[in-house]
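Per-entry structural report
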Amino acid sequence: MNRPFTPPYPPRPEKPVATWRGFFGERARTSVYGWSQRAFEIGYLKRNILGFRVHILLDPNLIQHVLLDNAANYAKPDIVKTLLDPIIGRGLLTADAQLWREQRRIVAASFSPAAVEAQRGTFVEAAARAMEGWSDGQLLDMAAESTRTTMTIIALALFGGDPRLISNESMAQIAAAIEGFSEARMLALFRLPQIPVTPKGRAGKRGQIYLRKTLAEVVDDRWHGRIKGDFLTGMIDALRKQFSEQEARALSIDNAATFYLAGHETTANALSWTLFLLAAQPDLQEELALEAQAALSKGADVAERVPRLRLFLSESLRLYPPVPRFDRQAVGHDKLGEEEVEPGDVLSIWPWILHRHRKLWDDPDAFDIERFAEKRGRHRFQYLPFGAGPRTCVGAQFATTEALTILAHWLGKWRFVDIGHPAEAAGMVTLRPKGGLPLKLEARR
Ligand code: HEM
């Protein structure tokens, strides 16, 4: 039998890594660096970070308690709101309690299975548009291709194909805004005003301002009836019925930004990591290309006809969860096993660690396409690429169908060849391949 492929991962020192090291080097720029081996073996860790008491939950039962059983006691943390406020304000991702419930109710129908079904044509169109520019033997940054494609899809599916949201300028500004997060996080941790000092931080701020301005224009065109009939106009109408005009306009821009960003960056990263893993395992790639070709010859619902590719995607989301961590903050007192939780404490959930935990998975760092073939023996809260509980990702099914459709179309026509570029994880909020993902393309005949 062939040895399983184990992609390289950040170094894991034997001893716990001191908290202060989180402020320097790679650990300050990429959230998945600086974890000791121990973190992948125990169920719970407590840290005190500049006065923030952080409970790191690595046991699925504790996670279930926070995300589901006592979810009402756990809100989105203030520090996350401070970080994200300049971009997505109080939209669905960052709102809590009643404001969250009302917004979730408004968007729910747009992400129902039937609504996702209705978007299949959009997924196919965007996948095909990308391939129009490719040529045999070309070296291409597939991370950028993935981003352009998912950006096109979100613009077509939710914003009537608005060209302002599919431009290279938007792509560059979003990349800058995301790059600026590590500095913004430091400022928030030290409780300093969000005034960036480094060139990266300043470029990030400019990116945020550009995005907000563009999305305000996109909203205003719909607000004044100049553009009709897309997801955003539906959302604006629903918000206007529920809130004052001023509040409704602010929430419209917040949600336009939320869905534009949450709706494409994560899926782009999922595609990138999956393409990296396909290029690294050429035999498996050939098998999945045959499956894709057979599915494509049978009709439109290609995502339902690629079961092996679906397993591959699940395993890819395990090894490289595009959202490697997410957090909550306790509203009231609670108990987690033996541990007391006080109001204001932060509860940190790490798909990155959980998905590679020694106690939960066999050979956790190795890629194994068969791992998800059987559900038996897995805790519902040990695999969380889309979160879980009431705040689970509203776009999970959209993203899965989208990713499978794109991958099947691309794989059916092209072979993705590894050129030896090391795929290192980067990113503070989402997990991207550092420096992009250059691969060689070969046309399949
Ligand atoms: C592979 C792609 C995706 C991944 C890995 C992902 C991951 C996640 C995760 C982990 C959460 C929960 C965060 C938490 O509990 O704090 C979340 C929430 C959310 N996601 Fe996604 N997401 C993806 C695609 C999408 C898409 C395509 C959309 C929209 C079109 C979307 C919109 C949202 C929104 C609005 C929320 C907040 C939901 C709420 O709080 O009610 N996501 N996502």
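Residues numbered from 1 in each chain as written. Predicted model: local features only at pLDDT ≥ 70, side-chain atom pairs only at ≥ 80, totals over all residues. Heavy atoms only, no water.

Overview of the overall build of the chain
The secondary structure content of the chain amounts to 17 helices and 12 strands. Compactness check: the chain gives a C-alpha radius of gyration of 21 Å against a globular reference of 22 Å for 445 residues, within 12% of the reference. Principal-axis analysis of the C-alpha atoms gives the chain an extent of 60 × 60 × 45 Å. In the chain, buried positions account for 57% of the 445 residues. (Helix = DSSP H or I, 4+ residues; strand = E, 2+ residues; numbered from the N terminus. Rg over C-alpha atoms; globule rule 2.2 N^0.38 Å. Buried < 20%, exposed > 50% of the residue type's maximum accessible area, 1.4 Å probe, protein only.)

Examining the coordination of the iron atom of the ligand
From the protein, the iron atom of the ligand takes a single donor atom, Cys393 (SG), 2.3 Å away. Mapped onto the elements, cysteine 393 comes out in the loop between α16 (351–354) and α17 (396–413). (Donors = N, O, S within 2.8 Å, 3.2 Å for Na, K, Ca; no water.)

Quick notes on the pattern of salt bridges
Applying the stated criterion across every chain yields a total of 35 salt bridges. A salt bridge links arginine 305 to aspartate 301; the nearest nitrogen and oxygen atoms lie 2.8 Å apart. On the basis of relative accessibility, which here comes to 30%, the residue arginine 305 falls in the partly exposed class. (Salt bridge = Lys/Arg side-chain N within 4 Å of Asp/Glu carboxyl O.)

Focus: unusual backbone geometry
Residue alanine 97 is not a glycine yet carries a positive backbone phi of 50°. In this fold, alanine 97 is placed in helix α4 (residues 97–108). Owing to a relative accessible area of 48%, alanine 97 belongs among the partly exposed residues under this scheme. A positive phi angle, close to 40°, is found at aspartate 363, a residue other than glycine. Note on placement: aspartate 363 falls in the loop between α16 and α17. Under the relative-accessibility criterion, aspartate 363 is labelled partly exposed at 48%.

Observations concerning the pairing of strand β8 (residues 346–349)
Every second residue of β8 is oriented toward a common face, with Val346 and Ser348 on one face and Leu347 and Ile349 on the other, all of them buried. As judged from the 4 bridges shared by strand β5 (residues 326–330) and β8, these two strands associate in the antiparallel manner. For arginine 328, the partnering residue across the bridge sits in β8 and is leucine 347. (Pairing = 2+ DSSP bridges.)

Observations regarding the site of the ligand
If you check the shell around the ligand, you find 26 residues, and the closest are Trp100, Arg104, Arg328, Arg391 and Cys393. The contact in question runs from an oxygen atom of the ligand to an N or O atom on the side chain of tryptophan 100, over 2.7 Å. One nitrogen or oxygen atom from the side chain of arginine 391 is found 2.9 Å from an oxygen atom belonging to the ligand. Here the shell around the ligand is composed, by residue class, of 17 nonpolar, 5 polar and 4 charged. (Near = heavy atom within 4 Å. Polar contact = N/O pair within 3.5 Å; in protein donor to acceptor, adjacent residues only side chain to side chain. Nonpolar A, V, L, I, M, F, W, Y, C, P; charged D, E, K, R; others polar.)

Description of the sheet that holds strand β4 (residues 139–141)
Pairing is antiparallel in the open sheet, where 3 strands are placed in the order β4-β12-β9. Of all the strands in the sheet, the pair left with one neighbour each is β4 and β9 (414–418). Neighbour-to-neighbour, the strand axes of the sheet open up by a mean angle of 45°, direction not taken into account. Relative to strand β12 (residues 438–443), β4 is paired through 3 bridges, and the arrangement is antiparallel. Residue pairing for β12: leucine 140 is matched across the bridge by leucine 439. (Axes fitted to C-alpha atoms, helices over the stretch in contact; angles between N-to-C directions.)

Regarding helix α13 (residues 265–280)
Compared with an ideal rise of 1.5 Å per residue, which puts 16 residues at 22 Å, α13 spans 23 Å between its outermost C-alpha atoms and is within 8% of the ideal. Across the 16 residues of α13, 14 count as buried, placing the element largely inside the fold. (Expected span 1.5 Å × (residues − 1).)

A short note on the nonpolar core
Core analysis: the largest hydrophobic core is formed by 113 residues, its most contacted members being Trp134, Met142, Tyr260, Trp410 and Phe416. With residues up to four places along the chain from it excluded, the contact list for tryptophan 134 reads Leu140, Met142, Glu145, Trp410, Trp414, Phe416 and Leu441. Residues Tyr74, Ile349, Leu354 and Phe381 belong to the second largest nonpolar core, which totals 16 residues. (Core = buried A, V, L, I, M, F, W, Y, C linked by side-chain atoms within 4.5 Å. Contact = heavy atoms within 4.5 Å.)

With respect to the packing of aromatic side chains
With the rule as written, the count across this model stands at 18 aromatic pairs. In this structure, arginine 240 is placed above the aromatic ring of tryptophan 223, and the distance from its NZ or CZ to the ring centre is 3.7 Å. Over the face of the ring belonging to tryptophan 352 we find arginine 356, whose NZ or CZ atom lies 4.3 Å from the ring centre. (Phe/Tyr/Trp six-rings, centres within 6.5 Å; stacked < 30°, edge-to-face > 60°. Lys NZ or Arg CZ within 6 Å of the ring centre and 35° of its normal.)

Quick word on the sheet that holds strand β2 (residues 52–57)
Taking strand neighbours across the sheet as the criterion, the 5 strands line up as β1-β2-β8-β5-β3 in an open arrangement whose pairing is mixed. Each having just a single partner strand, β1 (44–49) and β3 (74–75) make up the two edges of the open sheet. By the bridge criterion, 6 bridges tie β1 to β2 in an arrangement that is antiparallel. Across the sheet, the residue bridging to leucine 45 is isoleucine 56, located in β2.

Overview of α17
For α17, built from 18 residues, the straight-helix expectation of 26 Å at 1.5 Å per residue is met to within 8% by its first-to-last C-alpha distance of 26 Å. Within α17, 16 of the 18 residues are buried, which leaves it mostly tucked inside the rest of the structure.

Points about the environment of aspartate 220
Its place among the elements puts aspartate 220 in helix α10 (residues 199–223). Residues aspartate 220 and arginine 249, spaced 29 residues apart in sequence, show a C-alpha to C-alpha distance of 8.5 Å. Non-local contacts of aspartate 220, meaning those with residues more than four positions away in its chain, are made with Arg226 and Arg249. A distance of 2.9 Å separates polar atoms of two side chains, one belonging to aspartate 220 and the other to arginine 249.

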